[in-house]
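# Reading the structure
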Amino acid sequence: MTKQRPDQNEHQWEGFKEVDRAITENRLTSYSWKKAWADRWARAVILAAAFILIGFVVFVIVQDVIL
């Protein structure tokens with residue numbers, strides 16, 4: 001038997017049901033990454049940042065370790 005808050009039925013925000021469920025299930029980080037990956041521009045920024053970071057790591061390894 002679950003108890004509901006008295007004000008729970010009063011405020012049914014249609015646009016925030018998915019966000020509220022993600023918060024209550026402690027999945028907010030996963031939800032944020034999935035939403036960012038679904039967006040075309042956010043995905044491009046994530047991939048660009050990853051390539052720049054990988055390129056920098058490769059550059060440092062080549063400059064300091066190999067040469």
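Scoring rules and cut-offs
Residues numbered from 1 in each chain as written. Predicted model: local features only at pLDDT ≥ 70, side-chain atom pairs only at ≥ 80, totals over all residues. Heavy atoms only, no water. Helix = DSSP H or I, 4+ residues; strand = E, 2+ residues; numbered from the N terminus. Buried < 20%, exposed > 50% of the residue type's maximum accessible area, 1.4 Å probe, protein only. Areas by Shrake-Rupley, 256 points an atom, 1.4 Å probe, with all protein chains shown as cover. Phe/Tyr/Trp six-rings, centres within 6.5 Å; stacked < 30°, edge-to-face > 60°. Lys NZ or Arg CZ within 6 Å of the ring centre and 35° of its normal. Axes fitted to C-alpha atoms, helices over the stretch in contact; angles between N-to-C directions. Parallel < 35°, antiparallel > 145°, perpendicular 65-115°, else oblique. Contact = heavy atoms within 4.5 Å. Nonpolar A, V, L, I, M, F, W, Y, C, P; charged D, E, K, R; others polar.

## Describing the overall build of the chain
The secondary structure content of the chain amounts to three helices and zero strands. If you list the helices and strands of the chain from N to C, you get α-α-α. Counting all 67 residues of the chain, 4% fall into the buried class. Working note: accessible area of the chain is about 6600 Å², and carbon and sulfur atoms make up 64% of it.

## Brief notes about the packing of aromatic side chains
Counted under the stated rule, the structure contains zero aromatic pairs. Taking the ring centre of W37 as reference, the NZ or CZ of R43 above it sits at 5.5 Å.

## Section: the packing of helix α2 (residues 28–38) against helix α3 (residues 40–66)
Two quantities define a packed helix pair, namely the angle between the helix axes and the distance between the axes. Remark: α2 packs on α3, axes separated minimally by 5 Å, with the N-to-C direction vectors making an angle of 100 degrees. For the element pair α2 / α3, the angle class is roughly perpendicular. Across the interface between the two elements, W33, A36, W37 and A38 from α2 touch R40, A42, R43, I46 and L47 from α3. Taken together, the residues of the contact of α2 with α3 break down into seven nonpolar, no polar and two charged.

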